[in-house]
Amino acid sequence: MPLPTYALGAMEASVYAPEVFARGLPSVLQPAHLSEGDAGAAGSTANAAAPLLSLHGIGLAFGGVVALADIDLSVRSGEIRAIIGPNGAGKSSLINVISGVYRPDRGQVRLAGVGYAQVPTQRLAHLGVARTFQNLALFKGLSVLDNVGSGLAYKVRSNFAGQVLGIGRSRGERYDFLSCTDQILEFLDLTAVRDRLAGTLPYGLQKRVELARALVAEPRLLLLDEPMAGMTPGEKSEMADFVRAARDRFSTTVVLIEHDVGVVMGLSDRIAVLDYGRKIADGTPDEVRNDQRVIDAYLGVASDNEALSRDEARAGI
Amino acid sequence: MAAIAADFSTAPVLPKWIAPVLLLAVAYGVVPLIGSSYLFEAILLPFLALGLAGVGLNILTGYAGQVSLGSAAFMAAGAFAAYNFNLRVEGLPLIGSIFLAGIVAAAIGIVFGLPSLRLKGFYLAVSTLAAQFFVQWALTKFSWFSNNSASGVIDAPKLSIGGLALDGAVGRYLFALTIVSILTFLAYRLVSSQTGRNFIAIRDNETAARIIGIPVLKTKLLAFAISSFIIGVAGVIWAFAYLRTVEPDGFDLDRSFQILFIIIIGGLASIRGAFFGAALIVVFPLGLSRLSGFLLGDVFDSGVLDMSQRIVLGALIILFLILEPDGLVALWDRIRRRLLFAWQST
Ligand SMILES: Nc1ncnc2c1ncn2[C@@H]1O[C@H](COP(=O)(O)OP(=O)(O)OP(=O)(O)O)[C@@H](O)[C@H]1O
Ligand SMILES: [Mg+2]
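Calculation notes
- Residues numbered from 1 in each chain as written.
- Chains lettered and ligands numbered in written order.
- Predicted model: local features only at pLDDT ≥ 70, side-chain atom pairs only at ≥ 80, totals over all residues.
- Heavy atoms only, no water.
- Buried < 20%, exposed > 50% of the residue type's maximum accessible area, 1.4 Å probe, protein only.
- Helix = DSSP H or I, 4+ residues; strand = E, 2+ residues; numbered from the N terminus.
- Pairing = 2+ DSSP bridges.
- Axes fitted to C-alpha atoms, helices over the stretch in contact; angles between N-to-C directions.
- Parallel < 35°, antiparallel > 145°, perpendicular 65-115°, else oblique.
- Contact = heavy atoms within 4.5 Å.
- Nonpolar A, V, L, I, M, F, W, Y, C, P; charged D, E, K, R; others polar.
- Polar contact = N/O pair within 3.5 Å; in protein donor to acceptor, adjacent residues only side chain to side chain.
- 1 Å grid on protein atoms, 1.4 Å probe; cavity = no way out; pocket = protein on both sides within 12 Å on 5 of 7 lines; lining within 4 Å.
- Points joined across faces, edges and corners; volume = space filled by probe spheres on them.

K.L.:
How should I be thinking about the pairing of strand β7 (residues 221–225) of chain A in this particular structure?
P.N.:
Regular strands place side chains that alternate from one sheet face to the opposite one. Residues and elements named next belong to chain A. A large share of β7 lies buried, amounting to five of its five residues. Judged by which residues are buried, β7 turns out to be covered on both faces: Leu221, Leu223 and Asp225 on one side and Leu222 and Leu224 on the other are all buried. Bridge count for strand β6 (residues 129–131) against β7 is three bridges, and the pairing is parallel. If you follow Ala130 over to β7, its bridge partner there is Leu222. Across five bridges, the pairing between β7 and strand β8 (residues 253–257) is parallel.

This is how it looks when you write it as structure tokens:
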């Protein structure tokens, strides 16, 4: 399948222009990809270090439905870590636990060495975590520019009076807002729709705008819940390229949920497989591909009867 | 990527500031010269006060997505606070009283905005009713607020700025126009600022807003505060410049609904919309009553006429909302685009 080359072309250039570096803005962008000698640092050297994110014995139930049961997971700095599993396996719940939207019934989330019973959502951006949602969570009434720029909101320190009068910190922030946002828009090839209302874009582009909103915050950890859902094969491979490029450029660690096994196998460093809220396999794409339980649960073709009994089991019948 | 091709219909767009500047030039330079006192007293003064109240409510409801039925309470709070500051604080200029009145309204707005941290939509709207009933009750119950006047109706102080008396119809109009213009300009700046974007983000997706680091609770309360400040000042204009009396009765639930209608009819999340809506709400009943008085005045008594006006107005509002749910602003923009297009293609 031919890859759209214009996207890759756009990635060749540095994402942030020199003058932005001069202002000392994107701290996360500066390591790894700037110095040639350091190439590949994100992927290899991090292996020895403590994981950026780890889950310990996470359990979560909704009424009688067990969404997550005793999940352990570790995510190394700089890797693309996929989570796959059938519908209702608990993948989104896991992302919601990591981002603090859900509070797990038991277990702990460790982020950059700090343990949380519930991750504080309102400080998530400050902790260097950004996410996208399975169902689009854009701000429909804002332009693409403002949607993406809103990803910088956590840095804003000017107050409303300063902003209204255009004095003090708000001026510099306005400058940063425009320069950072425009560069991310260019990176993700969204410049042409910059001033459109986000709600009026086709679905695939809205997904990309959401990725841009997450990326503009320069997160250490990027949580993507089915970023390619509902896309055509062409759009999917384009999105996969963007995810990979984002990791390479920003040395961001990526946790990726995706149903398309082909995309996942090609993109991920390690894959965890969930089923019924349990982790049934964890390893490199090759290991997972050859795991019998995975084949049974997910990759193999489950018969209708099986699917039915799975639903019944979930409902606790 | 056909999808990306944006709609670059290159209509000749005038700079954004031209229309408001022209409008202000007419409002200051022409209207005072040619306007009758009926125009000022019956149309422009209530229009300005209600338009400003609409701007205030639109910030809260249209932009930040928090529905409120307490607008009249904040108007009342502003009006009575300004009256009392003016009465009790020696040497405080009128503008100072008005500013402090806005602050008082903002503080009350924050208190009654606290439920918004837990409640949404309809439930929040009902809880803002508490503000409506509480404020009206307190103003009637404690006669201190009305300076122990027997009737509860008190004369507003005469308007003046820096010794310049603005007591006639034109003076009060200019006074109101100036305050409304300044606050509207600041409101416009606000909604296109980072804070304004935060308002919209919270309205459109609160979870996503929290995740990206918008301080949701603080921002909601800020919306209540700013909105109530503006509505409070609108209340001062209503009482001091338009009615020239201060009384709790004028700030009842009907008024709250009226302001809500104004922003819905005018267009939610639009500063201009508040004034479109206010114009319709003020002018339409006047026109209707003239018309019906003219046509049917001899046949029916005024009570029946009044009732039927309300019915016609209500029906028109419903009809309008079905045909143009985005409000007068959307209608206006569409007509303007058509005209521009027609003009271009000739
Ligand atoms: N907020 C909630 N309230 C009740 N049940 C929930 C909630 N969130 C998830 N669940 C349940 O938890 C289970 C796991 O759901 P989850 O959304 O995590 O699955 P998923 O792996 O993301 O599925 P999909 O591939 O369809 O997105 C499901 O049975 C779901 O119904
Ligand atoms: Mg899911």
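K.L.:
How do you make sense of the packing of helix α3 (residues 37–63) of chain B against helix α11 (residues 253–266) of chain B when you look at a structure like this?
P.N.:
What describes two packed helices is the angle between their axes and the distance between those same axes. All names here are of chain B. Their axes nearest at 9 Å, the elements α3 and α11 cross at an angle of 75°. Classified by the interaxial angle, the pair formed by α3 and α11 is roughly perpendicular. Residue-level inspection shows Leu50, Ala53, Gly54, Leu57, Asn58 and Thr61 of α3 in contact with α11, the latter providing Arg255, Gln258, Ile259, Leu260, Ile262 and Ile263. Looking at the contact of α3 with α11 residue by residue, the class counts come to seven nonpolar, four polar and one charged.

K.L.:
Any chance you could explain helix α8 (residues 194–204) of chain B here in plain terms?
P.N.:
Every α-helical turn comprises 3.6 residues, leaving residues that sit three or four positions apart pointing alike. Residues and elements named next belong to chain B. Among the 11 residues in α8, nine count as buried, and that is most of the element. Taken as a whole, α8 has its buried residues at Gln194, Thr195, Gly196, Arg197, Asn198, Phe199, Ile200, Ala201 and Ile202. Two or three places before Thr195, at the opening of α8, Ser193 has a side-chain oxygen 3.2 Å from that residue's backbone nitrogen.

K.L.:
For this particular structure, what's the right way to read the layout of surface pockets?
P.N.:
Residues and elements named next belong to chain B. Estimates place the volume of the second largest pocket at around 790 Å³. Every residue lining the second largest pocket is counted, 23 residues in all, and those nearest its centre are Gln258, Ile281, Pro285, Arg310 and Leu313. Residue classes in the lining of the second largest pocket are distributed as 14 nonpolar, four polar and five charged.

K.L.:
Can you help me understand the sheet that holds strand β4 (residues 106–111) of chain A in this one?
P.N.:
Pairing between the strands of a sheet is mediated by backbone hydrogen bonds and can be parallel or antiparallel. Residues and elements named next belong to chain A. Sheet architecture is open: four strands sit in the order β2-β1-β4-β5, paired in antiparallel fashion. Of all the strands in the sheet, the pair left with one neighbour each is β2 (65–75) and β5 (114–116). On average, each strand axis in the sheet is tilted by 25° relative to the strand beside it, whichever way the strands run. Two strands pair when backbone bridges link them, and strand β1 (residues 53–62) and β4 are joined in this way by five bridges, in the antiparallel orientation.

The quantities given are spatial measurements derived from coordinates; they are silent on function.
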